[in-house]
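Summary of structural features
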Amino acid sequence: MVEAFCATWKLVESKNFDEYMEAIGIPFATRQVGNVTKTTVMISADEDTVMLKTLSTFRNTECVAKLGEEFDEITPDDRQVKSTFTMEGDKFVHTQKWDGKETRLVREIKNGKMVMTLTFEGVTAVRTYEKVERRTSFVAL
């Protein structure tokens, strides 16, 4: 099921992202960089293990984890979180928890694009990505 997301995706549209970043506590200067950075997301899978790489001129991150198993993650804005990847139907869900807080990044495929909806305490942002290249297995950088 996660195979539908296995590709390289380029950010093409972002709505309400500044409000989302502010809600989770990202400082103003970092939000300004985040608002203008065009990220590339690479997703690959090997059975039940998922690799998610986020590439940008600001910072690159990589997470590798089995579906349903909690793992440690350092976000691009330096939050240390406990994360989990899950599949909820046809949605690829990335949950991050820190300091008693929780945010969900829900990815789904709509009209050939990957739409990621980020939610935190009633604030929602939507980021849309177009497929650049199909991926089927782990990719080394």
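As a convention, each chain's residues are numbered from 1 in the sequence order in which they are written. Side-chain atom pairs in this predicted model are given and counted only at pLDDT of 80 or more, local residue features only at pLDDT of at least 70, and totals for whole chains, interfaces and linings cover all residues. With hydrogens and water excluded, all non-hydrogen atoms of the structure serve as input to the side-chain values.

**Observations regarding the UniProt feature "domain: Cytosolic fatty-acid binding proteins" (unreviewed entry) in the protein chain**
Basically, it comes down to this: UniProt positions are given in the numbering used here, feature names are shortened, and annotations may be inferred rather than shown by experiment. Secondary structure counts use DSSP, requiring at least four H or I residues in a row for a helix and at least two E residues in a row for a strand, with both numbered from the N terminus.
Taking the numbering used here, the UniProt-annotated feature "domain: Cytosolic fatty-acid binding proteins" (unreviewed entry) corresponds to residues 7-24. In residues 7-24, the share of helix is 39% and the share of strand is 50%. The end C-alpha atoms are 28 Å apart.

**Remarks on the pattern of salt bridges**
Short version of the rule: Salt bridges are defined as contacts in which a side-chain nitrogen from Lys or Arg sits within 4 Å of a carboxyl oxygen from Asp or Glu. A simple rule labels every residue: compare its accessible area, found with a 1.4 Å probe on the protein chains alone, to the largest value its type can have, and call it buried under 20%, exposed over 50%, or partly exposed in between.
Per the stated rule, a full pass over the model turns up 11 salt bridges. For Arg79, the salt bridge goes to Asp77, with nearest N and O atoms at 2.8 Å. Assessed through its relative accessible area of 12%, Arg79 is described here as buried. Here Lys110 makes a salt bridge to Glu108, at a shortest N to O gap of 3.8 Å.

**What to know about empty space enclosed by the protein**
If you roll a probe as big as a water molecule over the atoms, it shows you where there is empty space left. Using the following cut-off: Of the two site types, the cavity is a set of points on a 1 Å grid over the protein atoms alone where a 1.4 Å probe fits but cannot get out, and the pocket is an open set with protein on both sides within 12 Å along at least five of seven lines, each lined by residues with an atom within 4 Å of a point. Grid points are joined across faces, edges and corners, and a volume is the space filled by probe spheres set on the points. Under this grouping Gly is polar, as are all residues other than the nonpolar Ala, Val, Leu, Ile, Met, Phe, Trp, Tyr, Cys and Pro and the charged Asp, Glu, Lys and Arg.
Under the defined criterion, the tally for this structure stands at one cavity of 30 Å³ or more. For the largest cavity, the calculated volume is near 530 Å³. In terms of residue class, the lining of the largest cavity is built from 15 nonpolar, 10 polar and seven charged.

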